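Residue-level listing of the chains:
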Amino acid sequence: MKKVITYGTYDLLHFGHINLLKRAKELGDYLIVGVTADDFDKARGKINVQQSLMERIEAVKATGLADEIIVEEYEGQKIDDIQRYDIDIFTVGSDWEGKFDYLKEFCKVVYLERTEGISSTQIREKQSFLKLGFVGDRTMLEKYANEIEFVNGIQISGAYLNEFKEQENMGGIVNYSSYEELLKYCDAVLIESAPQYHADQIEMALNNMKHVICESPIALNGTEVENLYTIAKKNGLILMEAIKTAYSIAYNRLLLLIKSGKIGQVVSVDATCTSRKELDQSQNDYTKVPWNSICGWGPTALLPIFQIYGVKPKNIQITSMFLDEEKKFDAFTKINFVFPNGTATVKVGKGVKSEGDLVITGTKGYIYVPAPWWKLDYFEIRYEKIEDKKRFFYQLDGEGIRYELVSFVQMIKETKTNEYILEKYSIAIADIMERFLQNRQIIILEE
Ligand code: C2G
């Protein structure tokens, strides 16, 4: 019996896939199809896959062409499989010509002509093509424009930039002279402007029936956040809070490990985020730094604390050090929390430097995420015995922006709420911003 094996994602199964499977089947008597696991696809850069592994397996099964279906989960598994299943022929489409010649050591390798004119990417692009408007500064626009190339079904079509008022075309992105104009020509808007503008810009977008993804904090008090989510729900729109870390695979696996009790009861969460770049560039004119420390870093540092302990601390103490008399720009802010079942500290600063790590202390062990912890692609679970340490590595391409955008497109397509940053976390983060402005302890940092 001649055994053939082939592998693929088989997302949104189409006739190109079926042609491949038919010809693969004709190469022998028994066809095994390896369908790629979600994590394996993400690790190899395929972040736009729409269907779950089970849906993709069912679709391949329904073709009746596979004698057996397995899951491809790790790099190098093909060699294991060829030996384990005593394979005679490995085959794959010609778009992979040459990439699997190393398998010739183990079996015959056949590249079958790819079917032109169809691909899962094309189907995704057609399904939900969104024109995204951008609000913010040019640096962030360029960052997002680079990252969005990796996301199917959405493109930045227009911008309203703080520093440009005249209408101009920036590489296919039209710069509008007003926010109102921008809203006319997009389906959704990405808000990266200074935090004090967020609530009004979100409200205007929602009232104009536009979906919104907005850099956190989406508003500077919890009541405003609730109002914005109410408008979004009433209009059947997505309002998504953008905290890049929240959408990364590693961060979500870390939360699952904590919830599964891997380190016992969490008794302290200590998150530190610092960066001086903007301050150094401002030549001490702090009005030039649109984002102060609490708004720029606070949401990122606060999110794990609220997701681990919930949103009802018993005690909060905020201590900030300011460089300016108006007390708008905090060079450093430290927040101490006492929750019913644990403690936490946040240290954020654009006028200081510290170790930007995340340490989650538990009764059995602790999780250590090295700096810059917010670009989470690696963490350790450590115990009393050094040899019990567990290491976790995950793929994180770019700064994580692309995963945020993939989630945004999927939320719009499936009209589902944000399972990464629940509304109650948005409200809790905004409440901290309000507390910061109202009743913090103030220490003026002598220059
Ligand atoms: N295919 C094809 N014609 C198309 C699209 C895809 O012949 N128009 C083939 C691909 O060459 C591949 C199979 O169908 O052999 C599945 O394609 P995908 O689901 O896109 O998966 P891909 O990542 O290409 O799978 O490690 C090998 C990879 O997993 C191959």
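See above for the structure.
This one's a predicted model, so the numbers in the text were calculated from it and none came from an experiment.

Student: Break down the nonpolar core for me, with residues and values.
Tutor: Membership of the largest hydrophobic core comes to 80 residues, with the highest contact counts inside it found for L132, F337 and I360. Examining the composition of this core, we find that 8 residues originate from one element, helix 14 (residues 401-414), more than from any other. Apart from residues no more than four positions distant in its own chain, F337 is found in contact with L302, I305, F306, P313, N315, I316, T343, A344, V346 and I432. Core analysis: the next-biggest nonpolar cluster, separate from the first, contains 26 residues, Y179, V189, A199 and A430 among them.

Student: Account for the environment of D280, naming residues and giving values.
Tutor: With respect to the secondary-structure elements, D280 resides in helix 11 (residues 277-281). Residue classification places D280 among the partly exposed residues on the basis of a relative accessible area of 45%. In this structure the side chain of D280 is engaged in a polar contact, spanning 2.8 Å, whose partner is the side chain of R276.

Student: I'd love a proper account of the sheet that holds strand 4 (residues 89-93), names of residues and values included.
Tutor: Pairing within the open sheet is parallel, and its 5 strands lie in the order 3-2-1-4-5. Of all the strands in the sheet, just strand 3 (68-72) and strand 5 (108-112) have a single pairing partner and so form its edges. Strand-to-strand twist of the sheet, defined as the mean angle between neighbouring strand axes without regard to direction, takes the value 25°. Contacts between helix 3 (residues 53-62) and the sheet are confined to strand 2 (30-36) and strand 3, with strand 2 contributing the most and set at about 160° to the helix.

Student: Talk me through the side chain of T333; I want residue IDs and the actual numbers.
Tutor: Looking at where T333 falls in the secondary structure, it is placed in strand 15 (residues 330-339). Residue T333 is classed as buried on the basis of its relative accessible area, which comes to 0%. Separated by 2.7 Å, the side chains of T333 and S320 make a polar contact. Looking at T333, its side chain comes within polar contact range of the side chain of D330, at 2.6 Å. Discounting residues that sit within four places of it in the chain, T333 has contacts with I294, I318, T319, S320, V346, K347, V348 and F436.

The rules behind each value
Residues numbered from 1 in each chain as written. Predicted model: local features only at pLDDT ≥ 70, side-chain atom pairs only at ≥ 80, totals over all residues. Heavy atoms only, no water. Core = buried A, V, L, I, M, F, W, Y, C linked by side-chain atoms within 4.5 Å. Buried < 20%, exposed > 50% of the residue type's maximum accessible area, 1.4 Å probe, protein only. Helix = DSSP H or I, 4+ residues; strand = E, 2+ residues; numbered from the N terminus. Contact = heavy atoms within 4.5 Å. Polar contact = N/O pair within 3.5 Å; in protein donor to acceptor, adjacent residues only side chain to side chain. Pairing = 2+ DSSP bridges. Axes fitted to C-alpha atoms, helices over the stretch in contact; angles between N-to-C directions.

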